[in-house]
Every structure is written in C-alpha cells, then in structure tokens.
Amino acid sequence: MNPVLSVRGLEKRFGAVVAADGLSLDIPAGQKISLIGANGAGKTTFVNMVTGYLRPDGGSILLDGADIGRRSPRSVARLGISRSFQIPQLFVELTAAENLTVAISGVSARMSLKQRAEAQGRGEKAVDLLGRFGLANVADRPVSELAGGVRKLIDIAMALVRRPKLLLLDEPTSGVSAEEKFATMDRVIHAVAPDAATIVFVEHDMEIVSRYADRVVAFYQGRILADGVPSHVLKDHEVRRYVTGGVR
Amino acid sequence: MNFFLTIVLDGLIQASWLFIVALGLTLVFGVLKILNIAHGSFYALGAYIAATAVTMVAARGLPPAIGFVAMLLSVALIASAVGLLLERGLLKMFYGRDEVVLLLVTYAVFLILEDVTKLIWGVNPIYATQPYELFGNLEFAGLYYVGYDLVLIPISAVIGFAIWFGLNRTVIGKIVLAVIHNEEMSVSMGVRVNRVYAIAFAFGVLLAALAGALTAPKISMQPGLSSDVIILSFAIVVIGGLGSIEGAAVGAILVGLARAASVHLMPQAELFVIYLIMAAVLMFRPEGLFKRETARRI
Amino acid sequence: MKKDLHPLVMIALVAAATLFGRALPTWTLSLATVAASNALIALGIVVLARTGNVSFGQGLFFAAGGYGVALIANAWGLTDAVTQVVIGAACGGLLGLVIGPLIARYSGIFFGMLTLALSMVFYGALVKSTMLGGSDGFNVGRPTLFGMSFTDPREADFMLYAVSVIVTGFAGIGATILFRSEFGLASLAVRENNLRAEYLGISANRVISINFLIAAIFAGASGAFALMAQRHIDPQFAYWTTSGEFVFIAVLAGNQSVAAVFVASMALELVRSFSNLYLPNTWQLVLGVFLLGVILFLPRGIGSLWISKRHGRSTSKAALAIEEGAAQ
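Conventions adopted
Residues numbered from 1 in each chain as written. Chains lettered and ligands numbered in written order. Predicted model: local features only at pLDDT ≥ 70, side-chain atom pairs only at ≥ 80, totals over all residues. Helix = DSSP H or I, 4+ residues; strand = E, 2+ residues; numbered from the N terminus. Buried ≥ 20, exposed ≤ 12 C-beta atoms within 10 Å, placed from the backbone. Contact = placed C-beta atoms within 7 Å. Pairing = 2+ DSSP bridges. Axes fitted to C-alpha atoms, helices over the stretch in contact; angles between N-to-C directions. Expected span 1.5 Å × (residues − 1). Nonpolar A, V, L, I, M, F, W, Y, C, P; charged D, E, K, R; others polar.

A. Just the overall build of chain C, in detail. A tally of regular secondary structure across chain C gives 13 helices and two strands. Each of the 328 residues in chain C was classed as buried or not, and the buried ones make up 53%. Counted over contacts in chain C with a minimum sequence separation of 6, partners at least 24 positions apart contribute 81%.

B. Up close: the sheet that holds strand β3 (residues 32-36) of chain A. Residue and element names in this part refer to chain A. On the basis of which strands lie adjacent, the open sheet formed by six strands has the order β6-β7-β8-β3-β9-β10 and mixed pairing. Two strands lie at the open edges of the sheet, namely β6 (81-83) and β10 (223-228), each paired on one side alone. Pairs of neighbouring strands in the sheet enclose a mean axial angle of 20 degrees, with direction left out of account. Direction of pairing for strand β9 (residues 215-220) relative to β10: antiparallel, over a ladder of five bridges. Within the sheet, the bridge partner assigned to Ala-218 lies in β10 and is Ala-226. Strand contacts of helix α9 (residues 237-244): β3, β9 and β10, with the helix running at about 125 degrees to β10, the strand carrying the most contacts.

C. Representation of the pairing of strand β2 (residues 17-27) of chain A. All names here are of chain A. Here strand β1 (residues 5-14) runs beside β2; their pairing, made up of eight bridges, is antiparallel. Considered in β2, the bridge of Leu-10 is made with Leu-23. The hairpin formed by β1 and β2 contains two residues between the paired strands, and Gly-15 there has a positive phi angle of roughly 65 degrees.

D. Fine view of helix α9 (residues 204-230) of chain C. Residue and element names in this part refer to chain C. The end-to-end C-alpha distance of α9, which contains 27 residues, comes to 39 Å, matching closely the 39 Å that a straight helix rising 1.5 Å per residue would cover. Across the 27 residues of α9, 23 count as buried, placing the element largely inside the fold. Following α9 by one or two positions, Arg-231 has its phi on the positive side, about 55 degrees.

E. Highlighting the interface of chain C and chain B. Chain C puts 31 residues into the contact, and the matching count from chain B is 31 residues. For the side of chain C that touches chain B, the leading source of residues is helix α5 (residues 108-127) of chain C, giving ten residues. Along the lines of polarity and charge, the residues of the side of chain C that touches chain B split into 20 nonpolar, nine polar and two charged.

Honestly, it's all geometry; don't read function into it.
Dropping the structure here:
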C-alpha cells in the first residue's frame, strides 16, 4: 500500500543553520509515529514544511502521491493534513465551542450566514467533539478562562475537525503535569480512534514515546539518526548520545 | 536643463520646511512610539504666534529683521513650554495603555487645538509678510526667486544637521537613541526615560512650531492649516520610515520634488501624487525607505 | 451572552423609530437624519474592525458614493431617493470589490495607513479636477420618492429621515445577523489569530475582503444620504478628517453592539449642534474634551476594537517565534 506521506531529500537552511539535510521518510497509513530529537534538531522545521508554513529549499513532500511542497497552510489543510501546536493556538476571546465551530466552518468552502447554533447542526458537532475529549462541560467558557492542559486538548480537537488523513501533534503533552500526561494522551488517542488517522507526534517525553508510538524517528542536525520501533531506537547508542542522554 | 533646475529648486524650497515638520513627527514617534495627530496643530500654532509677533513688531515701527528674530524666539519659547506642559500634564496619564489609546488622545488634542486657535485668532485669514522681503530677490535661470525661500534651504539643512549631531555626538543624544532602540534596556541601565520622553516631545513640538513660524511670512494663516500639514507630514514620515531622521529628509525631498514636478508638468496631480507615493511605499516597502535600525534581540 | 433580539423585534423598532419622526421638531429631524447616515458608515467600520483591520479612509467610498450619485442625478435626472441610495451603495461596492482584495493582505496598522493614503489620493484628484468643480464641488437638486416630490420642507425632511432610518436600520439588522453567524465568528477568529485560521482552511484574505466590501457598500450609501441632505458634493467628503470622524463614532461605540453605533452617532450630532448653538467655534473643543473623558473613564468602550487583536497577535507571534527558534 502506498504511504500517506512520502518525503524525499528535504532540505532547509536558515542562514548557516541546517534544519533539514536530505530528509527522506515514508509514513504508511494508520501508523503512530513519534519524532524525537534535541531542540534545534529539525523536528519542528519538518512539521512546518509538511504543513506548508515553510517552503523547503529542496526535495519533495508527497501526500497520497500529490506534491504539497509549495502549498500554503490553508491548501495543505484542505488536502488533509492538520496540526496542533506546542503552545496552543486558540481564539482566546471565544468560547471552547466557538473555537471548534470556527474549525468546522473552515472545512467547507463556503461559510454559512445562518445563526451559529443552527448552522447545519454544527454547534452540536462542536460540543460533540469536545465531548470526545471529555470537555463538554467547558464548552461555553471563554478559552481565556481555561487552564493550559485543557487548552492543549481543545487545540488538538480543532485539528481533528477535518478528519485529517495525517494528524501532526507538536509536543501534545508539554505543559501537562506528570500525573495528567498519560490521561491526556489516552484521551487524544481515544478521540482519534474512530477516524483511524495517521498520527505523527513530536515528543520529548520518552515514556509517552515508548507507550504510544508504533515507530520512532530520531532527528539530529537535520538528519535522521535512527528509525524503528521504540524499544530498538531508544536503546540505540547514538540516539542516547545525541537525543535522550544517558551515555557519557 | 533650465526646466529641470527649476523643478529641483522649487522642490528643495518645498522640502526645506516639510523636512523640519516631518523631523519633529518622526522624532516623537521614534522615542515615544506615538503618532502625534496634533503635530500639525503645533505647526499652525507656531505660524499664528509668529504672525502675531511680526505684527506687533511692525506696529512699533521696528525693522523686519527684528520681527524675524522676535517671531523665532517667541515661537521657540511658547512651543517648548506648551509641548512640555502637554506631555507632562496630559500624555503621561496614558502611557502604558494600548498604543491606539494614545493615538486617540492626540486626536482629541488636535480637535481641541483647532478650536483654541479659532478662538484666539478668529477664522479669517491672517498674513504676516514683512519678513518675506528680508532677503531680497534672486534671478536664476530666467525666473525670480524670493531670497527668503532660498534661505530656508540652508536653514533646514542646519537644523537637520544639528539634530543629527545632537543625537549622535552628544551624551544626551546617545541616551535618546538608546531609548529609541531599546527602551526596556535603557530603563534597566538607569535612564530616566520620563525625562527623555519630555525632552523628545518638547523638541518635536518645537520643530513643528518652528516650521510654522518660518513659513508664516509666505502663507496665509487660517483654519484647516493644521489638518493639511499633519496629513502631509505623515505621508513623508511613512515614505521615509517611521522614526528615521534620514527618512524624514529623503521623504521631504521626494515629496517636495514630486510636488514641484507636478506643478510644472501635470498640475492635476500636485496633491494626489504624494499620497500615491505613500500608498506605493506602504504596498511594496511598508517599513519605509529607511528602516530604523533595530538591534537584534537575543 | 446577552439575550439576542429577534429580527422581527428589530424590524418593529425600526418602524417605530420611523413613525416617531412625525412627532419630532424639524431641527431634531435633520439631526437624526445626519446621525443615521453617519451611523451607517460607522457601522461599516465596526464590521470591518471585527477582522482586526480599521479603515481610516472610508471617505474614499463615502465620496465615491456621493459623487457617483451626484453625477448620475445631474446627467440623467434620477432624483428618486431610494434609487440614489442604491447607486451610492453600488459605487462604493464596486470600488470596494476592486480595492479589498488588494489590501486585505496587509495587517493592522499598515492596512489603516493604506486606506488613509488611498482616500487622500482620491481627495487630491478631486480637488484638482476642474470637471467636477474642484474644491468647490457642485450642487444637486432635491430628491423625490417614488415619483412624489416634496415642496413642503417639513415633508421633504421627513421623507429623508424615513429613508435614512429605514435603510440604516435594516443595515443594522443585517449587521446583527452577520455578527451572530458563522461568518461573523470566522471574522473574529481571523482578527485574533489569522495564522490559525489559515491552518483551519479559512482564507483570511477572503474573510477580510468580504467585510471590506460590506463596509464600502455602507459608506457609499451613506455618501448618497449626505448628498441628499446637503444637496451639495465636494472633495471634503474624501478628506481625512471626514474619515476620522466616522472612526471616532465607531470607536465610541465599541464593537459589541450595533445599537451603540446609533447612540454614539446621535451623541456626536447633539454635541455638535448644541455647541454650535451656544458657543460658536467650539464643537471640536467639546468633542475633544468629551473624547478624553471617555478614554479616561470608559476604557471598555474604547480600544475593544483593537485590544483583542493585540493579544491574539502577540501570542501567536511568540509561539511561532519559539517554534522557529526551536529550529535554529
């Protein structure tokens, strides 16, 4: 079966800094793959290029065979890639439900002039989606009043609205307390399950990585250091040296 | 060739007073980060005060040269005082609030000063032409130029140089530059930013008023002067780059030349060509022709 | 959220306001007419401001509407008030359709300055155009309504009042429906965090362009009203102080309530009239002091047009800076 995402020879430089140095990667459908690497290794640049925020200097990005390397974030979103953000990017003045309604309205090409709640049942859909994350009770609270962990979940929920082929999560458990992180990740996986989406998540927390990833890709200085199952990659010498620590 | 020279000279004459006004506006923006909508009102104030001074001197039968000096002195004194009063008394109350709030405050000041000048000097046009004859006339390239107009060119150049020198070569100037570039850092280094604000604002007002005083002998003072000047100087500052002194100079020269060229080549364009340039700059190089140098934030 | 007024209730209010005009003295009638017309254009500014972009150059469309109607009225003798409003709206709308997409991609302060520059370009062109009367402008005849002409000044005033109140009222109802709709929500989203909106598949430029078009249409219609009331058009319609006054009303009103726009506009006209009556040459002084007072004591009313935008921008900028920094 063809991979959902196929990256070949991706390159990106910021002045003298090499963020991507000939990256090549194939991601099959339905896989849960974790990207790890120290800060500056190129993980976020990779995510930014795949989602259209940055234009690669070289190489290609194929989504289901279509080249998306030159497309805008809006265009990439419409083609089926959604992302969440390390620092939740929400519409702070609006309520949780309204945030999701905006996300839902972005799905169709035309926006409705109908009153918010009634517009083709979208209001219900918003609350329903929030419910999948266990957030139905905060639906009508302005996001500005909600805690960081909740905001994180809303941010991810918004990415899910489109039922994307590929979901990119940027540090989904960062900012979440140690006790909460598994519960948070459980909720995310549970909420995504009905759509059987392919998930790529950037993570620094190796416990999360070993628990939830089918496959781990380790980045270092814009290159892929290791690529395989968690138990294998996390024990790799170079990975421990340059990414996770533990080797002196 | 003559034609070309005429346009250049006309343009420079225009640019000379435009530069002084724009300089004041860009200075206030650079230091206080305020776009002072009332800037044109101070130009008008300067012009009106100058007219009054000139008229009073003439009424006493004194020579025009005295009138010229008197108008400059009186404007300098009054404008600085008003500027300081306004900054300390009113603007200070709104520091730290959203930048748009300060814009609205200066707009309110503009409205107030409009009527204040009407109440003091009335709505009929006022003239004060005595100093205009001070420097005689000059024939150049087949045209007659009034000496006064030509003298304004070196005067404004001197003022520009003085400000540049003051900012770059004196201790106080360097402190002001520090505040322009990185206020937070300046505060943590012990700079009394409030003082710098007051000085900068007073200077800005002074420059506007001085420009008004210098042009008073060749224009008619009437309501509407301030709104015409502010929009013009705003265009210049946008073209040159907000907060940049070189920008104010280049912008003023560009606008002066554009105006002069229009007058001779296509009179219908005289007014709109300036704003067309402003729109073009905003579309293709929004930060202006001279981006104010910003240090890289670590 | 406050309980929303049902559209039928709003229509009833508009009808009531119109009929109430019969009871008003003439001076109030003309005052209210001007206030309604100004409220219309200020409403357009509020609509657009909800995307985070404030237009300081609505005078452009205001003048386009006014001159468009004046030229057509004089050339073809079209004096029907309703037709004139439609033509004014169309003139503004046509211009807004062309300009909107061109400037939609500029953010906040540059957007504002661009609209200002464009309106001044128009002003400059009008002042120097001998064909259009230059800075003096020109006159137009009295408006009629559905074939009826009004020789009695009282009836003529009421006709104008009624048309302006009804048109502005319906614009207000339209705006309210817009604010409550999905599109209205998307507009707020674009203001807050336009990058996230893009990531969600929403075209910020399209949202802004559509709001801009609405503002331009309102401004053009308002220009028609101003023309009918003054029976005179001149370049001052496009001058920056004219645009500034409309922004002033919008700022006073804030961006939460359509009704506030009418209140603010009426307040402005009342202040202007009363100070002209008792202390000539002081209405700007009074207005300036009034504005200062509002800024000092009613901070909620002022700045809500802009404050959310700053928050949204700074968090998204910070976030992206961190993300990009992580790539270094």
